[in-house]
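Observations on the model geometry
Next come the chains, spelled out residue by residue.
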Amino acid sequence: MQQIINFVIRNRYLLLFLLLEIIALIFVFQSHTYHKSKFVNSSKNVIGSFYTQSDKLKNYLSLAKENKLLAEENTNLRNLLFKKNLAIDSVIHKVTDTVYHQEYHYITAKIINNSYAKRNNYLTINKGLKHGIQKDMGVILPNGVVGVVQDVSPNFATILSLLNENSKINVGVKNSNHFGTLAWDGKSYEEAQLLDFPRRAALKIGDTIVTGGKSVLFPEGIPVGVIKSLKLRNNYYENIVVTLLTDMSNLGYVYVINNIDKKEIEKLEKNHE
Amino acid sequence: MNNIFFRNAFLFVGLVFLQILIFNNINLFGYVNPYPYLAFVLLFPYRKERSAILILSFLLGLTLDFFTDSGGVHAASTLFIAYFRLYFVRIILRKSEFEYGALQLNTISIDKILMYFFVLIFIHHFLMFSLEFFDINSFFEILKRTVLSTIFTFLVTTFGYYILVSKKN
């Protein structure tokens, strides 16, 4: 007994070091595990409030940019409205469905902490449980995808950025029904990689990549990026590089998507497993 | 005693603020950031009693992990440096154990101090990026980021040290 006590006293710094290091490493492993809520995250109230204050200072600098984005989105929506009128004139029956059944519900939020230079990036937004944000909701911009909600506190939430090893987003090519996965190799925040695309998909440089209908997180057809380069080897696609449409280094307001049918779809799909 | 306590508390809080508000947002070439918060570990009083520096370094790292959603990457690497800095004091600064209590960095020649800073910063950054990437295939990416960030941190830290800290003493 005496010897054990002596050992502990003699090596107390080493033991303290090992204890704390193990705790830190547990947090590290936890952060590399997909889809596990983390204890260490920036949706905590103190941190969120801190970022809210520092964001207020930066706000004035980005007003012009936000204005331009809003104007562009207004134009797009107007164009859509115009198209919709035409559609109503030609095929009346199809419209009633969308009018009475809205699948998605959008919540506006402001990015108060952005990161894009690390291997695994997370963002913090100024909305949380109180505003209807829940884990696993998709986050988009008018012109692209940002990520998926990861941890939520009453007032804030963290978003697993597209620029993260754990981010796998179901995407497809515009005007085709082939699907693949969008992932990120950690190098440039302007580019992402496409995986698991079937050979038959007949991809070309310049093709627009959009969100696929297989995912319940995002509505189908939101533009994500444009194919920049691709290689074919043994009839398989290799290294499909996509230039992202979203400037991930400069994010302001985003939309968090609530898929109203998500629970029902997931419940159905679980029955098959 | 009180003076040392307040000085280090101020250094802790100040470095966290600077790191989060300024240095994490520099992104030189799109991805290179300096991590001068490490100065806390480099400058913390050199004593025989080491519990304080171990616990404080862990908390410093963890605070940054909370703010940057990096799991425990900063905590693990900062704590590592805090524990092993004494070995480097012995190897690079050539001070024996009996002198720790009286070790003042500003009594040591500049070249040794710079070497000491550089080595510790390099090890810290290498550990940090390795834990962040957590992937052996990314070795060259890890090394590239380590080297670039080490140079950046080293410049910021030594600049800050000679302008703000060493003159006061």
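Our structure is the block above this text.
Structural notes, computed from the coordinates. (Residues numbered from 1 in each chain as written. Chains lettered and ligands numbered in written order. Predicted model: local features only at pLDDT ≥ 70, side-chain atom pairs only at ≥ 80, totals over all residues.)

**With respect to the overall build of chain B**
Looking only at helices and strands, one finds six helices and zero strands in chain B. Along chain B, helices (α) and strands (β) appear in the sequence α-α-α-α-α-α when read from the amino end. Each principal axis of the C-alpha distribution contributes one length, and for chain B these read about 45 × 30 × 30 Å. Buried residues in chain B amount to 41% of all 169 residues. Across chain B, contacts joining residues at least 24 apart in sequence account for 64% of those joining residues at least 6 apart. (Helix = DSSP H or I, 4+ residues; strand = E, 2+ residues; numbered from the N terminus. Buried ≥ 20, exposed ≤ 12 C-beta atoms within 10 Å, placed from the backbone. Contact = placed C-beta atoms within 7 Å.)

**Notes on the overall build of chain A**
Counting secondary structure elements, chain A contains six helices and twelve strands. For chain A, buried positions account for 32% of its 273 residues. Partitioning the intrachain contacts of chain A with sequence separation of at least 6 by distance along the chain shows that 59% fall at a separation of at least 24.

**Focus on the interface of chain B and chain A**
Across the boundary between the two partners, chain B contributes 29 residues, which contact 28 residues of chain A. It is helix 3 (residues 51–68) of chain B that contributes the most residues to the side of chain B that touches chain A, eight residues altogether. The residue inventory of the side of chain B that touches chain A, partitioned by class, reads 15 nonpolar, nine polar and five charged. (Nonpolar A, V, L, I, M, F, W, Y, C, P; charged D, E, K, R; others polar.)

**Digging into the nonpolar core**
Of all hydrophobic cores here, the largest spans 93 residues; its most connected members are A:Ile159, A:Val254 and B:Leu79. For A:Ile159, the contacting residues outside a window of four places in its chain are A:Tyr122, A:Leu123, A:Ile125, A:Val139, A:Val146, A:Gly147, A:Val148, A:Val149 and A:Gln150. (Core = buried A, V, L, I, M, F, W, Y, C linked by C-beta atoms within 7 Å.)

**With respect to the sheet that holds strand 2 (residues 122–125) of chain A**
Residue and element names in this part refer to chain A. One closed barrel accounts for six strands, arranged 1-2-5-4-3-12; its pairing is antiparallel. Put simply, the sheet's adjacent strands are angled 45 degrees from each other on average, direction ignored. Bridge count between strand 1 (residues 104–113) and strand 2: two bridges; the pairing is antiparallel. Following the sheet pairing, Asn113 is matched in strand 2 by Thr124. Across the face of the sheet, helix 3 (residues 45–59) comes into contact with strand 1 and strand 2 while running at roughly 80 degrees to strand 1. (Pairing = 2+ DSSP bridges. Axes fitted to C-alpha atoms, helices over the stretch in contact; angles between N-to-C directions.)

**Here's the deal with the sheet that holds strand 9 (residues 208–211) of chain A**
Residue and element names in this part refer to chain A. Strand order in the closed barrel formed by six strands is 6-7-8-11-10-9, with antiparallel pairing between adjacent strands. Each strand axis lies, on average, 40 degrees off the axis of its neighbour in the sheet, ignoring direction. In terms of strand pairing, strand 10 (residues 223–233) meets strand 11 (residues 236–244) through seven bridges, oriented antiparallel. By the bridge assignment, Val226 is partnered in strand 11 with Thr243.

**A look at unusual backbone geometry**
Unlike most non-glycine residues, A:Asp196 shows phi in positive territory, near 60 degrees. If you trace the backbone, A:Asp196 turns up in the loop between strand 8 (191–195) and strand 9.

**Section: helix 4 (residues 73–91) of chain B**
The terminal C-alpha atoms of helix 4 of chain B, which comprises 19 residues, lie 26 Å apart, in line with the 27 Å expected from a rise of 1.5 Å per residue. Helix geometry: helix 4 of chain B is bent most strongly at B:Phe84, by close to 45 degrees. (Expected span 1.5 Å × (residues − 1). Bend = angle between axes of the 7 residues up to and from the residue.)

**Digging into the pairing of strand 11 of chain A**
The side chains of a regular strand alternate between both faces of the sheet. Residue and element names in this part refer to chain A. In this structure, strand 8 lies alongside strand 11, joined through four bridges in antiparallel fashion. Paired with Gln193 across the two strands is Val241, which belongs to strand 11. Turn length for the strand 10-strand 11 hairpin, with the two strands adjacent in sequence and antiparallel, is two residues, and the turn residue Asn234 shows positive phi of about 50 degrees.

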